[in-house]
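Breakdown of the fold
Okay, here's what each chain looks like letter by letter:
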Amino acid sequence: MITVVSTMQLESNSEKEWDQLIRERFRSARDRVGWISGQLLAPSDAPNTRVIIGTWKADRTGRLGMRILPFSRRGEGLTNYSI
């Protein structure tokens, strides 16, 4: 199992839309092989900061296919945001 933690700094006033896009990414990841769970955190003292935590199962060789991470690179819909 592997857990990936990413910290993002968002542009002002984009938080709600960006959060919704990430939640949609989490929903689409549910059907992916190896996906366990994801969390989106928003620190109360840093309103433009987001922390994404994704947990995946490794395959039987102990490797993780990073190609399946829904937020491993900028995806459609997220390119207009500073991440």
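The structure we're discussing is the one just above.
As a starting point, this report considers the structure included with it. Treat the numbers as computed from the prediction; the structure is a model and nothing was measured. (Residues numbered from 1 in each chain as written. Predicted model: local features only at pLDDT ≥ 70, side-chain atom pairs only at ≥ 80, totals over all residues. Heavy atoms only, no water.)

**Remarks on the side chain of Ser-6**
Along the chain, the position of Ser-6 falls in strand E1 (residues 2-9). Leaving out residues up to four positions away in the same chain, Ser-6 has contacts with Arg-50, Val-51 and Ile-52. (Helix = DSSP H or I, 4+ residues; strand = E, 2+ residues; numbered from the N terminus. Contact = heavy atoms within 4.5 Å.)

**Brief notes about the pattern of salt bridges**
Within this structure, the stated rule accounts for 1 salt bridge. The salt bridge partner of Arg-50 is Asp-19, with a shortest N-O separation of 2.7 Å. Of the two residues, Arg-50 sits in strand E3 (residues 49-56) while Asp-19 sits in helix H1 (residues 15-29), which places them 31 residues apart along the sequence. Note on accessibility: Arg-50 and Asp-19 belong to one class, buried. (Salt bridge = Lys/Arg side-chain N within 4 Å of Asp/Glu carboxyl O. Buried < 20%, exposed > 50% of the residue type's maximum accessible area, 1.4 Å probe, protein only.)

**Digging into the pairing of E3**
When you tally the buried positions in E3, you get 8 out of 8 residues, the bulk of the element. Where burial is concerned, the two faces of E3 agree: the one with Thr-49, Val-51, Ile-53 and Thr-55 and the one with Arg-50, Ile-52, Gly-54 and Trp-56 are both buried. Examined bridge by bridge, strand E2 (residues 35-41) and E3 share 6 bridges and lie antiparallel to one another. Opposite Leu-40, over in E3, you have Ile-52 as the bridge partner. (Pairing = 2+ DSSP bridges.)

**Describing the sheet that holds E1**
Here we have 3 strands laid out as an open sheet, ordered E1-E3-E2, and antiparallel in their pairing. Lying at the two open borders of the sheet, with one neighbouring strand each, are E1 and E2. The mean angle between the axes of side-by-side strands here comes to 15°, regardless of whether they run parallel or antiparallel. Most of the contacts of H1 go to E2, to which it runs at about 170°, and overall it touches E1, E2 and E3. (Axes fitted to C-alpha atoms, helices over the stretch in contact; angles between N-to-C directions.)

In short, geometric facts, not functional conclusions.
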